[in-house]
Amino acid sequence: MDVRAQLSMSFSLDKCIGCHTCSVSCKNVWTTRQGAEYMWWNNVETKPGCGYPLAWEDQDRYKGGWELTSSGSLRLKLLKGPGKLRTLANIFFQPNLPTIDDYYEPFTFDYDNLFNAPAGDDQPTARPKSLLTGEFMDKIVLGPNWDDDFGGSPLYATNDPNLKGLSDSQKLCLTQFHKLFYFYFPRICNHCGNPGCVASCPSGAIYKRGEDGIVLIDQDTCRAWRFCVSACPYKKPYFNWNNGKSEKCIFCYPRLETGQANACAHACTGRIRYVGVILYDADRIEETAKQPDDRLVEAMRDLILDPNDPAVIAGARANGLEDNWILAAQESPQYNLFKKWRIALPHHPEFRTVPMNYYIPPLSPILHQAKGDQGGTYDPENMEFFTDVELMRIPTKFLANILSAGNESVVIEALKKQMAVRMYIRQQRVGDLGDAKVQSALREVGLSEQDAVDINRLLALATFNERFVIPETHRESKTTVDPRTMYEKRGSVGFGVKKKEFLGRSW
Amino acid sequence: MNWDYMLFGIVPYIFVAIAVVGTIWRYTTNRYTWSSLSSEFLENKVLFFGSFPWHFGIILILIAHIIILFIPSALLAWNAVPARLYILEVAGLILGFLALVGLILFIYRRLTDSRVRAQTSSWDVLVLIVLLIQVVTGLANAIMYKWGSNWMAGSASPWFLSLWTLDPQVDYIANLPLVTKIHIFNAFVFILLIPFTRFVHFLAFWNPLTYMTRPYQIQRHYDRNAKTENIRQYK
Ligand code: SF4
Ligand code: SF4
């Protein structure tokens, strides 16, 4: 057993209102530089939809993530066939690299014209201007949230790769306005346990931090080979076209090291995000990533260790984890959501990067169709509202394709638990369901009354300090920076630093 | 002191010295800017037809040059049989033209694609000019003065080896045609530019080579004594 700590985030999809506050705070803090305009380390997608970059989940096209070879070993999809030799062959031109057109051409508007246009008969306009070339653009054809709220569009929603395996009547719901469903899906880098980005980098520039599991790109070592962009199935490393370096979500490590929440999580209007420490067994990552599809979620839960187990605590201490980290792991919302209550699920576990952020699947209206006799499943005359989650408007198969490699049972478990908690709370507040029914609902999903109270507390009411349990890092004892200069170096971690003018250009 | 001695006996040392010092300076003071500055992300259609022929053509040619310069005797032994000499010359010519095609596409792309053009610095223009001179003069040599691999082993090689003994024998190349001299001199200009341009990217050529043997996953720990540690190679 090799106990390591991981900072991890959960998202309660039920509560995301798609306001993009998270994306904007992230952008304002980290990516308002030339070459980084198109980077959205945090972005929010509408599901069903094509996402950002366009159709990123389609790995037949992008070749991200891992696959199991016929001999049962793990290989990057990118390196199909000869394995790493393929890196040598493709070093001068990478066939699987998305181009800026798969994201969008970054643009601004010609605001100047609004103020300085000469007097005339027409209102002045602000035409879009490309940030790549500085030229005016005829029209804007794509953007980071291009299909925002287009949940029913025949162009975007129906091309969502997660619709595979849905019945025709379920697919039909996508394009019929009164049956439509959609929800929002915020994404950041998953800081994976078996990251494809790290494994693909010829320079060895990307690494997972030993102390907290954050995956970073060493900006001094990156040489612009761009393999990380292709190998990450979530398309979360972005290539800075201006200075020739790849960049990615840094889990706001300068904030977390001082115990503050990530910019996205801190700003989240819906208060849907939870951040905490989980302990995992690094010896079992490879084994976990090799599990068959239907076992993946369970295997990822097995990977997480019980922070109250004395053997785990001893292992954590032996690996140099401080007491405040072990304490944080014991109070972690992440451990409860993912492992104890089992209501959170990993994002696309079938990519086999062992993602370390989790999602609580959203409940949705039961009504498939208002009337049973139209082939729908819900009859308001004779059926109760609190009924089977299988009848919900969002097909569980669709959620399972996103969150559990197609394994519907774990999704249904997470939904039923949330439903049982609602029934319990309703019985407490309104008292119209009857104790017997509520108790049997709780029993069916294996939750105690205390669990129901705790889940409700965390999902609905939790304060800042309950949602974010972030231990400070003991930088003073763990730094490559001379502690005497830390005050001056403060704030200089990051990007685009150290540019000097010499011989007519910045180096 | 004549021009030949200036250009082929003294300037090479100066240029190489600047290149070495410049490389060390840039690597130690500003590694952040060390990048191939790939523009595939902005334009990948023409690049595909440019990059493959260019890189594979020029790398093989470069390796051949290095072998001839350092071990001319091996080359003369190979060329002793005329058939082998023909094969070598024809292969060299084909690779040279491959590189030229790639390079012309690079230049075409820089000029015509507005996104790539916006990202082009004057250093990039210099790089392309130097490379174009090098490839064109190289091909001109091969076509106008046949069996270059043979006479090169008897002229440029001994001069080149004498550079290493700090006793440059420029007489060996004094009588070479002008095109050849431009080719040789331009090679040193190219070396001079390495640390100051995107050429730095081939000083990272061992990156993909070390990748072949390194484990997939990397962890780094921020102890006061920084250490990088690999977690096991996947089977
Ligand atoms: S989500 Fe992508 S970038 Fe982030 S750690 Fe995983 S593979 Fe790397
Ligand atoms: S800020 Fe929160 S609620 Fe708003 S889109 Fe982001 S994750 Fe959703």
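Residues numbered from 1 in each chain as written. Chains lettered and ligands numbered in written order. Predicted model: local features only at pLDDT ≥ 70, side-chain atom pairs only at ≥ 80, totals over all residues. Heavy atoms only, no water.

(A) Region of interest: the overall build of chain B. What chain B contains, in helices and strands, is eleven helices and two strands. Counting only C-alpha atoms and orienting by the principal axes, one finds that chain B spans roughly 60 × 45 × 40 Å. Out of the 235 residues in chain B, the part that is buried amounts to 46%. A total accessible area of about 12,000 Å² is found for chain B, and carbon and sulfur atoms account for 75% of it. Where the 17 positive side-chain charges of chain B centre and where its 10 negative ones centre are 10 Å apart. (Helix = DSSP H or I, 4+ residues; strand = E, 2+ residues; numbered from the N terminus. Buried < 20%, exposed > 50% of the residue type's maximum accessible area, 1.4 Å probe, protein only. Areas by Shrake-Rupley, 256 points an atom, 1.4 Å probe, with all protein chains shown as cover. Lys, Arg positive; Asp, Glu negative; His and termini not counted. Charge placed at Lys NZ, Arg CZ, Asp CG, Glu CD.)

(B) Local environment of the overall build of chain A. In terms of helices and strands, chain A carries 21 helices and 17 strands. The burial tally for chain A puts 59% of its 507 residues in the buried class. Pairs at least 24 apart in sequence give 70% of the contacts found in chain A among residues at least 6 apart. Total accessible area on chain A is roughly 20,000 Å²; 52% of this is exposed by carbon and sulfur atoms. (Contact = heavy atoms within 4.5 Å.)

(C) Highlighting the nonpolar core. Membership of the largest hydrophobic core comes to 146 residues, with the highest contact counts inside it found for Tyr38(A), Leu76(A), Leu279(A), Leu337(A) and Phe41(B). Once residues within four sequence positions are removed from consideration, Leu76(A) is found in contact with Gly65(A), Trp66(A), Gly196(A), Ala199(A), Ser200(A), Ala231(A), Tyr211(B) and Tyr216(B). Counting residues in each nonpolar core, the second largest holds 37 residues, with Phe93(A), Val135(B), Trp159(B) and Phe160(B) among its members. (Core = buried A, V, L, I, M, F, W, Y, C linked by side-chain atoms within 4.5 Å.)

(D) View of the site of ligand 1. Around ligand 1, the surrounding shell consists of Cys189(A), Asn190(A), His191(A), Cys192(A), Pro195(A), Gly196(A), Cys197(A), Val215(A), Cys232(A), Tyr234(A), Pro237(A) and Lys248(A). Per-class residue counts for the shell around ligand 1 are eight nonpolar, three polar and one charged. (Near = heavy atom within 4 Å. Nonpolar A, V, L, I, M, F, W, Y, C, P; charged D, E, K, R; others polar.)

(E) Examining the interface of chain A and chain B more closely. Listed per partner, the contact involves 82 residues of chain A and 59 residues of chain B. Taking both partners together, chain A and chain B bury about 6,300 Å²; carbon and sulfur atoms supply 54% of that area. Taking the shortest distance from any N to any O, the salt bridge between Asp101(A) and Arg115(B) comes out at 3.0 Å. The tally of links between chain A and chain B comes to 28 residue pairs in polar contact (both at pLDDT 80 or more). Of all the elements in the fold, those that place two or more residues in the side of chain A that touches chain B are strand 4 (74-76), helix 3 (85-89), helix 4 (100-103), helix 7 (196-200), strand 8 (206-209) and helix 11 (285-289) of chain A. By residue class, the composition of the side of chain A that touches chain B is 38 nonpolar, 20 polar and 24 charged. One ladder, built from two bridges, connects strand 8 of chain A with strand 1 (residues 218-221) of chain B; its direction is parallel. (Buried area = accessible area lost by both parts, 1.4 Å probe. Salt bridge = Lys/Arg side-chain N within 4 Å of Asp/Glu carboxyl O. Polar contact = N/O pair within 3.5 Å; in protein donor to acceptor, adjacent residues only side chain to side chain. Pairing = 2+ DSSP bridges.)

(F) Broad picture of the sheet that holds strand 12 (residues 273-281) of chain A. All names here are of chain A. Strands sit in the order 13-12-1-15-14 across an open sheet of five strands; the sheet is mixed. Where the open sheet ends on each side, the last strands, each with one partner, are strand 13 (304-305) and strand 14 (345-346). The sheet contact formed by strand 1 (residues 3-12) and strand 15 (residues 358-360) spans three bridges and is parallel. Residue pairing in the sheet places Phe11 in a bridge with Tyr359 of strand 15.

(G) Local environment of the packing of helix 17 (residues 408-429) of chain A against helix 19 (residues 449-461) of chain A. All names here are of chain A. Two numbers describe how helix 17 lies on helix 19: the axes approach to 9 Å, and their chain directions differ by 95 degrees. With respect to their mutual orientation, helix 17 and helix 19 come out roughly perpendicular. Where helix 17 abuts helix 19, its residues Val421, Tyr424, Ile425 and Arg429 lie against Glu449, Ala452, Val453, Ile455 and Asn456. Of the residues that constitute the contact of helix 17 with helix 19, the class distribution is six nonpolar, one polar and two charged. (Axes fitted to C-alpha atoms, helices over the stretch in contact; angles between N-to-C directions. Parallel < 35°, antiparallel > 145°, perpendicular 65-115°, else oblique.)

(H) Broad picture of the packing of helix 17 of chain A against helix 18 (residues 435-445) of chain A. Residues and elements named next belong to chain A. Close contact between helix 17 and helix 18 brings their axes to 9 Å; oriented N to C, the two are set at 155 degrees. Judged by the angle between their axes, helix 17 and helix 18 are roughly antiparallel. For helix 17 against helix 18, the interelement crossing comes out left-handed. Note on element contacts: helix 18 touches helix 17 through Asp435, Lys437, Val438, Ala441, Leu442, Glu444 and Val445, opposite Lys416, Lys417, Ala420, Met423, Tyr424 and Gln427. Classifying every residue of the contact of helix 17 with helix 18 by side-chain character gives seven nonpolar, one polar and five charged. (Left-handed = near helix turned anticlockwise from the far one by under 90°.)

(I) Structural context of the packing of aromatic side chains. All names here are of chain B. For the structure on display, the rule yields 43 aromatic pairs over all chains. Their ring planes at 80 degrees and their centres at 5.5 Å tell us that Phe48 and Phe52 sit as a pair that is edge-to-face. Remark: Phe52 and Phe48 occur in helix 2 (residues 45-70); sequence separation between them is four residues, near one turn of the helix. Its relative accessible area of 34% is what places Phe48 among the partly exposed residues. Phe52 sits in the partly exposed class, given a relative accessible area of 21%. (Phe/Tyr/Trp six-rings, centres within 6.5 Å; stacked < 30°, edge-to-face > 60°.)

(J) Focus on the state of the cysteines. Residue and element names in this part refer to chain A. Counted by the stated rule, this structure contains zero disulfides over all chains. Free of any disulfide, Cys201 has its nearest cysteine sulfur in Cys228, 6.5 Å distant. Residue Cys201 is classed as buried on the basis of its relative accessible area, which comes to 9%. (Disulfide = S-S within 2.5 Å.)

(K) Structural view of unusual backbone geometry. Residue and element names in this part refer to chain A. For the bond running from Lys47 to Pro48, omega is -5 degrees, close enough to zero to count as cis. In this structure, Pro48 sits in the loop between strand 2 (43-47) and helix 2 (59-62). Its identity is not glycine, yet Arg342 carries a phi of approximately 60 degrees, on the positive side. Positive phi outside glycine occurs at Ala405, with the angle close to 55 degrees. Counting through the fold element by element, Ala405 comes out in the loop between helix 16 (396-403) and helix 17. Classification of Ala405 as buried rests on a relative accessible area of 17%.

Everything listed here is a matter of coordinates, which is why it stays silent on function.
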